[in-house]
Amino acid sequence: MNPIPNAWTFGDTRIYITITSGLVEMMDNEELDAIIAHECGHIICRHVLYHSIARYILSGADSLGVLGTLAVPIQYAILYWYRKSELSCDRCSSIITSPEIVSRAMARLAGGPKELTKDINMQEWALQADKYDEIRTDGLWNKTLQLYVTMGLDHPFNAVRVREILKWGESAQYLNLKENLKSETSGKKCNNCGRSVSPDWTFCKYCGNKLR
Ligand SMILES: [Zn+2]
Ligand SMILES: [Zn+2]
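Residues numbered from 1 in each chain as written. Chains lettered and ligands numbered in written order. Predicted model: local features only at pLDDT ≥ 70, side-chain atom pairs only at ≥ 80, totals over all residues. Heavy atoms only, no water.

Got a sec to walk through the overall build of the protein? Specific residues and values, please.
Along the backbone of the protein there are 11 helices and 2 strands. Secondary structure elements of the protein occur, N-terminal to C-terminal, as β-β-α-α-α-α-α-α-α-α-α-α-α. Oriented by its inertia axes, the alpha-carbon framework of the protein measures out at about 70 × 40 × 40 Å. Within the protein, buried positions represent 37% of all 212 residues. Partitioning the intrachain contacts of the protein with sequence separation of at least 6 by distance along the chain shows that 54% fall at a separation of at least 24. (Helix = DSSP H or I, 4+ residues; strand = E, 2+ residues; numbered from the N terminus. Buried < 20%, exposed > 50% of the residue type's maximum accessible area, 1.4 Å probe, protein only. Contact = heavy atoms within 4.5 Å.)

Quick look at the structure:
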């Protein structure tokens, strides 16, 4: 029970996903699927132990005194990895749902109720991330400010996440994975090699066996 919308995955041998009541209240079923698939992504990519260690280092550094100061570069390196791990799990989530649903969940997390977020133009929103990239080459001072703002974050900005997931949703890698998932879930198997095949294949792509 927590009114703040949030979800996280923790643990090592006994991994658990926590979803706050605030998040369940706020999201529709598809968006909740996207959130849960994202968290399952952390499990399947084996991020959870590292996330737990990262949390430990990040919260423990203050109590270490001088040693804590020595841990600062490590903290930033961990946070950098942490932000990238979020993008990987947005990809996992989009395989189970779709890049559009993942973007919608992002919009809800950033903007709250549907009355506010339902008309957001995702492509326009993603353009904010391009503007944000331009700052990188827009003089040393802006670049320094941007680095200063992002280096302490554990998640990338939502606009960046939306741009990345929409872009990946158009890639051959995404379409291939979706296609493979379709064959995995079709229940149809090649009677020569036993691997999962798509219902619309004439030949098994693994062993060349004629399927129909
Ligand atoms: Zn995450
Ligand atoms: Zn086969």
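There is more to say after this.
Could you give an account of the coordination of the zinc ion (ligand 2), naming the residues involved and the relevant values?
Binding of the zinc ion (ligand 2) to the protein goes through Cys 190 (SG), Cys 193 (SG), Cys 204 (SG) and Cys 207 (SG), at separations of 2.3 Å. Around the zinc ion (ligand 2), the 4 donor atoms are arranged such that angles at the metal cover 104 to 117°; this shape is classified as tetrahedral. Between consecutive donors of the zinc ion (ligand 2), the numbers of intervening residues give the motif C-x2-C-x10-C-x2-C. Here the residue Cys 190 occupies a position in the segment after helix H11 (172-186), and Cys 204 occupies one in the segment after H11, the gap between them amounting to 14 residues. (Donors = N, O, S within 2.8 Å, 3.2 Å for Na, K, Ca; no water. Tetrahedral: all angles 85-135°; square planar, octahedral: opposite > 155°, others 65-115°.)

Any chance you could break down the packing of helix H3 (residues 48-60) against helix H5 (residues 72-96) for me, citing the residues and the numbers?
With their axes 10 Å apart at the nearest point, H3 and H5 run at an angle of 145° to one another. Note that H3 runs across H5; the crossing there is left-handed. Here Tyr 50, His 51, Ala 54, Arg 55, Ile 57 and Leu 58 of H3 come into contact with H5, specifically with Gln 75, Ile 78, Leu 79, Trp 81, Tyr 82, Ser 85 and Glu 86. In terms of residue class, the contact of H3 with H5 is built from 8 nonpolar, 3 polar and 2 charged. (Axes fitted to C-alpha atoms, helices over the stretch in contact; angles between N-to-C directions. Left-handed = near helix turned anticlockwise from the far one by under 90°. Nonpolar A, V, L, I, M, F, W, Y, C, P; charged D, E, K, R; others polar.)

Can you tell me about the coordination of the zinc ion (ligand 1), naming the residues and giving the values?
Protein coordination of the zinc ion (ligand 1) is provided by His 38 (NE2), His 42 (NE2), Glu 86 (OE) and Glu 86 (OE), with donor distances spanning 2.0 to 2.8 Å. Its 4 donor atoms give the zinc ion (ligand 1) angles of 51 to 134° at the centre, a pattern that matches the irregular case. Sequence spacing among the residues donating to the zinc ion (ligand 1) works out to H-x3-H-x43-E. Residue His 38 and its partner His 42 are both found in helix H2 (residues 29-44); the two are separated by 4 residues, about one turn of the helix. In terms of burial, His 38 and His 42 fall into one category: buried.

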